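# Summary of structural features
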Amino acid sequence: MKQTAILAIDQGTTNTKALLVGAAGNVLARASRPVQRRYPRPAWVEQDPLELWQSVLEASAACLEQGGSDVELVAVAISNQRESVLLWERANGRPLGPCVSWQCQRSRQLCQSLQDRGLEPFIRERSGLTIDPMFSGTKIRWLLEEQGLLARAEAGELCAGTIDSWLCWQLSGGAAHVCDMTNASRTQLFNLQRRDWDEDLLQLLGVPAAILPVVEPSAAIHARTVACGAIPAGLPLASLIGDSHAALFGQAGFLPGAVKATYGTGSSLMTPIPELRLSQSGLSATIAWAIGERVTYALEGNIYVTGAAVEWLGRFLGLSDPVVELAALADRVPDSGGLYFVPALSGLGAPYWDKEARGLICGLTQASTLPQLARATVEAIAYQVRAVFDAMQAEAGVELQVLLADGGATRNDLLMQFQADIIGKPVLRCESADVSALGAAYLAGLAVGLWASEEEIAALPRPRQRFTPTLSAEEREAHYSGWQEAVARATLHRS
Ligand code: G3P
């Protein structure tokens, strides 16, 4: 008998993964393809829209081949890098310009002018987001303006879309120009309260409504596939969701009190909240997911530089395998010997939000060693996560009892143990490297009836390793106050 499975695609910044997920939540097959980034100017980052699509076709084909003929596909699920955005021709799907990456700062000037006009509180109230070039809205405006496309955009000849939107367009053969609410909630054009594009925000950012996708729930039948490479025609495209939100869903963090941290080059913490609330502590408000008419809101904190600090220091020291060698150095010492490294290499994100902050190493003495500095770099990840965790705890309204951890850097045991020590709460490390794809698969499974409820999904096997705090409260706070002092110095500006 054939095994029922969902083809889950996770299109990320550095690679595209494809998974076949069975009805027991098990991964039946898995493949991935790398994708390139281009840096045409300092702080500009872009990708090739057709290469992204090609990587989806190739990863899916390899995965389906592994799955063999014993698999019966029931749906396609998509999780994706968020905030990255592109334009294409409505008539023929031809991309117009690059995909501007979420990491790209090219719309900084426009953001600055919005800030100078005192629009931050208004924009934040409507969209839940601070003004920042990371969000897609100002990137769309940049693409339209630079390419002289405003008139064509207003005439409805173009489509704008986040990556979920682009992939859904391709997979449906141009039948569906849609995106999901989680991706929409990261554009800075979306009204969180009304859950639709906000006319005032569109006007402020200069984006014509005619180019925007229809916003749909994360779990819903968005379209049917046409035959694309090895992907057969007629499959329901049953979920679209931003990867960070998908990770929370994949970790079964469905209810208030759950909080997850994804450890990558940067980090994102997210916690579901019972109703929409704007943060007073430097967090973003967002939509966690929408399942049909049921919408869950969340608070999110984005930290710019976490794993990237380890990579940066490793490269700075000329190590041939920066991340692995630096982690090994950090493992050689029991503590950082009073060293702190504030990796404000691109300013500081949540909860500090200081673009002018600069990186700082402090506490150096003649006895300081390289392993201690390596350890301070690993610890800096945990301190930054604690700062966001504390902000979430202050606003969550319920106790955050454990931290659900996922992402590449969680392989580092020292980091996980220090994280538990410094928040004083257990950390549960997700043993799957595919939690975003799994989250998207679960949502698609709900949409097509493979699973009946979140309770059923929560009961699926989910291997985790627990790290229990070992420091006393005094030791913990002594460490953390040292970090706070170091941050205060990193954010001291000279005018
Ligand atoms: O918000 C950016 C995030 O979605 C990127 O995720 O996994 O592609 O680095 P990733």
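What comes next concerns the included structure. (Residues numbered from 1 in each chain as written. Predicted model: local features only at pLDDT ≥ 70, side-chain atom pairs only at ≥ 80, totals over all residues. Heavy atoms only, no water.)

Taken as a whole, this structure holds 1 cavity of 30 Å³ or more when the rule is applied. Here the largest cavity is characterised by a volume of approximately 40 Å³. As for the largest cavity, its lining consists of V85, I140, A160, G161, T162, C179, T187, W197, L212 and P213. Per-element tally for the lining of the largest cavity: the top contributor is strand β8 (residues 158–162), with 3 residues. Considered class by class, the residues forming the lining of the largest cavity number 7 nonpolar, 3 polar and no charged. (1 Å grid on protein atoms, 1.4 Å probe; cavity = no way out; pocket = protein on both sides within 12 Å on 5 of 7 lines; lining within 4 Å. Points joined across faces, edges and corners; volume = space filled by probe spheres on them. Helix = DSSP H or I, 4+ residues; strand = E, 2+ residues; numbered from the N terminus. Nonpolar A, V, L, I, M, F, W, Y, C, P; charged D, E, K, R; others polar.)

A word on the state of the cysteines. On inspection of all chains with the given rule, the structure shows 0 disulfides. Cysteine C179 remains unbridged, with the sulfur of C168 as its closest cysteine sulfur at 9.7 Å. Judged by its relative accessible area of 1%, C179 is buried. We note that C430 lacks a disulfide partner, and the nearest cysteine sulfur, in C63, lies 18 Å from it. Owing to a relative accessible area of 4%, C430 belongs among the buried residues under this scheme. (Disulfide = S-S within 2.5 Å. Buried < 20%, exposed > 50% of the residue type's maximum accessible area, 1.4 Å probe, protein only.)

With that out of the way, let us pick up the layout of surface pockets. One number sums up the size of the second largest pocket: a volume of about 230 Å³. In terms of lining residues, the second largest pocket is bounded by 13 residues, among which Q109, L110, W142, E145 and E146 are the most central. Where the lining of the second largest pocket is concerned, the elements lending two or more residues are α2 (108–116), α4 (136–146) and α8 (199–205). It is α4 that contributes the most residues to the lining of the second largest pocket, 5 residues altogether. The residue makeup of the lining of the second largest pocket, split by class, is 5 nonpolar, 4 polar and 4 charged.

Note that F190 resides in strand β10 (residues 190–191). What makes F190 buried here is its relative accessible area of 1%. Measuring from C-alpha to C-alpha, the distance between F190 and V178 comes to 14 Å, with 12 residues separating the pair along the chain. Setting aside its immediate chain neighbours within four residues, F190 contacts R126, S127, M181, A184, S185, R195, D196, W197, L201, V215 and I287. (Contact = heavy atoms within 4.5 Å.)

Without other data, these values stay purely geometric and don't point to any function.
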